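# Notes for the structure review
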Amino acid sequence: MSKTATIDLAHAVPADGLAASLMPAHPQSLLDLPPGEARESLLAVHSILGTRLPAARLAIYEAGGGSTSFLPLDILRRAHVTVVDIDEDQLRNNDYAQETILGDVQTWRFPPSSFDLVICYNVIEHVPDVEAALSGFCESLKQGGLILIGAPNPKSLSGVTTKFSPHWFHVWFYRHVRGDTNAGQPGHAPFPTFFHPLVTLSNLEAFATTHGLDLIYRREYESPRYPEMRARKPFSAALIDAAAVVINALLPGKGDVRHGDYHVILRKR
């Protein structure tokens, strides 16, 4: 199933300097992030994409895509975006892709060397067979092309909680802690989480090495849920922060269990 997006950002070119000054500089997904490490890392990702991707027209494959894009607007405006998603509601919510396909990212295949960029953002944790999905991404990528992955860290405090708690608890958290009244409704997060072993960063990096991909950016960062909680539920947030300090002191290394998410950019050799 495919459609033409109702808003074609690729052709939304301002008529004059005034119009250009009025256009947003960043996608809403970045503007919605509270100040902190998550926003800093996404800005770094945008900078890398801006310098590493070709300056010409781009072909982008988004593996799983709803109503929000995490890509820089200047890249979206000169790109043909193809979204593959297994959820019809998610596809209906999408208004920035030029083509949407109802399909499974684990099994869907494009011709080799089809895309300059593959983006998989907040998706691989929900996929039972991540290896199959990543193999498809690699095959579809042009030489020198990039894969951007944004995902939760399974070894973080929030990752462990998510992995070992029932889905109804995730819905409760989104509704009552994050204040998302649509949580759990069709087409709205949270979605069932599997945490395939390849979601773990060390395993993902090993997969990249053996599949002709170079790691050009990697950052674990504090989940935006923490600053959100500090603003909405300061007492609960203080308790969690105190617990995190104790856990960090007991664990080996210099990690922070509040680093609940990560960004990775891979480049095809």
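Parameters at a glance
- Residues numbered from 1 in each chain as written.
- Predicted model: local features only at pLDDT ≥ 70, side-chain atom pairs only at ≥ 80, totals over all residues.
- Heavy atoms only, no water.
- Buried < 20%, exposed > 50% of the residue type's maximum accessible area, 1.4 Å probe, protein only.
- Helix = DSSP H or I, 4+ residues; strand = E, 2+ residues; numbered from the N terminus.
- Arc of directions from axis to C-beta.
- Contact = heavy atoms within 4.5 Å.
- Core = buried A, V, L, I, M, F, W, Y, C linked by side-chain atoms within 4.5 Å.
- Polar contact = N/O pair within 3.5 Å; in protein donor to acceptor, adjacent residues only side chain to side chain.
- Salt bridge = Lys/Arg side-chain N within 4 Å of Asp/Glu carboxyl O.
- Pairing = 2+ DSSP bridges.
- Right-handed = clockwise from strand over helix to strand, strands pointing away.
- pLDDT = per-residue confidence, 0-100.
- Phe/Tyr/Trp six-rings, centres within 6.5 Å; stacked < 30°, edge-to-face > 60°.

### Digging into helix H10 (residues 225-232)
- Buried within H10 are the following residues: Tyr226, Pro227 and Met229. Each buried residue of H10 lies within a common arc of 160 degrees when the element is viewed along its axis, so the set occupies one face.
- In this fold, the buried residues of H10 make contact with helix H7 (157-163), helix H8 (167-176) and helix H11 (234-250).

### Brief notes about the nonpolar core
- Judged by nonpolar contacts, the single largest core of 33 residues is most densely connected at Tyr61, Ile124, Leu134, Phe137, Ile147, Ile149 and Tyr262.
- Put simply, the parts of the chain that give this core at least two residues each are strand E1 (58-63), strand E4 (115-121), helix H6 (130-140), strand E5 (141-152), helix H9 (201-210) and strand E7 (261-268).
- With 5 residues, H6 is the single largest residue contributor to this core.
- Discounting chain neighbours no more than four positions away, the residues touching Tyr61 are Thr82, Val84, Val105, Phe110, Phe115, Leu117, Val118, Ile119, Phe137 and Ser140.

### A closer look at the side chain of Gln98
- In this structure, Gln98 sits in the loop between helix H5 (88-93) and strand E3 (99-102).
- By relative accessible area, which is 12% here, Gln98 ends up buried.
- A distance of 3.5 Å separates a polar atom in the side chain of Gln98 from the backbone oxygen of Tyr96.

### Side note on unusual backbone geometry
- Even without being a glycine, Ser113 presents a positive backbone phi close to 60 degrees.
- Here Ser113 is to be found in the loop between E3 and E4.
- We classify Ser113 as partly exposed; its relative accessible area is 43%.
- Located in the positive-phi region is Phe195, a residue other than glycine, with phi close to 55 degrees.
- Relative to the helices and strands, Phe195 resides in the loop between H8 and H9.

### Describing H8
- Inspection of H8 places His170, Val171, Phe173 and Tyr174 among the buried residues, and these make up the whole buried set. Within H8, the buried residues cover an arc of 160 degrees as seen down the axis, which keeps them to one side.
- The elements touched by buried residues of H8 are H7 and H10.

### So, the pattern of salt bridges
- Under the definition given, this model contains 12 salt bridges.
- The salt bridge partner of Asp116 is Lys142, with a shortest N-O separation of 3.3 Å. Here the residue Asp116 occupies a position in strand E4, and Lys142 occupies one in strand E5, the gap between them amounting to 26 residues.
- According to the relative accessible area criterion, Lys142 is partly exposed, its value standing at 29%.
- Here the salt bridges share partners, and the residues they tie into one network are Glu222, Arg230, Asp241, Asp256 and Arg258.

### Details of the pairing of E4
- Burial of E4 is extensive: 7 of the 7 residues sit out of reach of the surface.
- With 3 bridges connecting them, E1 and E4 associate as parallel partners. Each bridged residue has a counterpart across the sheet, and for Ile60 the counterpart in E4 is Leu117.
- You can see the chain leave E4, run along H6 and come back into E5, and the turn it takes is right-handed.

### Thoughts on the confidence of the model for the protein chain
- Mean pLDDT for the protein chain: 87, with 91% of residues reaching 70 or above.
- Across residues 1-22, confidence stays below pLDDT 50; counting only partners more than four residues off in sequence or on other chains, it has 40 contacts.

### Quick word on the packing of aromatic side chains
- Counted under the stated rule, the structure contains 8 aromatic pairs.
- Their ring planes at 65 degrees and their centres at 4.9 Å tell us that Tyr61 and Phe110 sit as a pair that is edge-to-face. In this pair, Tyr61 is assigned in strand E1 and Phe110 in the loop between E3 and E4, connecting sequence segments 49 residues apart. Here the two residues Tyr61 and Phe110 agree in accessibility, since each one is buried.
- Here Phe110 and Phe115 contribute two aromatic rings whose centre-to-centre distance is 4.9 Å and whose plane-to-plane angle is 85 degrees, an arrangement assigned as edge-to-face.
- The class of Phe115 is buried, set by a relative accessible area of 6%.
- Counting every residue linked through ring pairs, the aromatic cluster contains Tyr61, Trp108, Phe110, Phe115 and Phe137.

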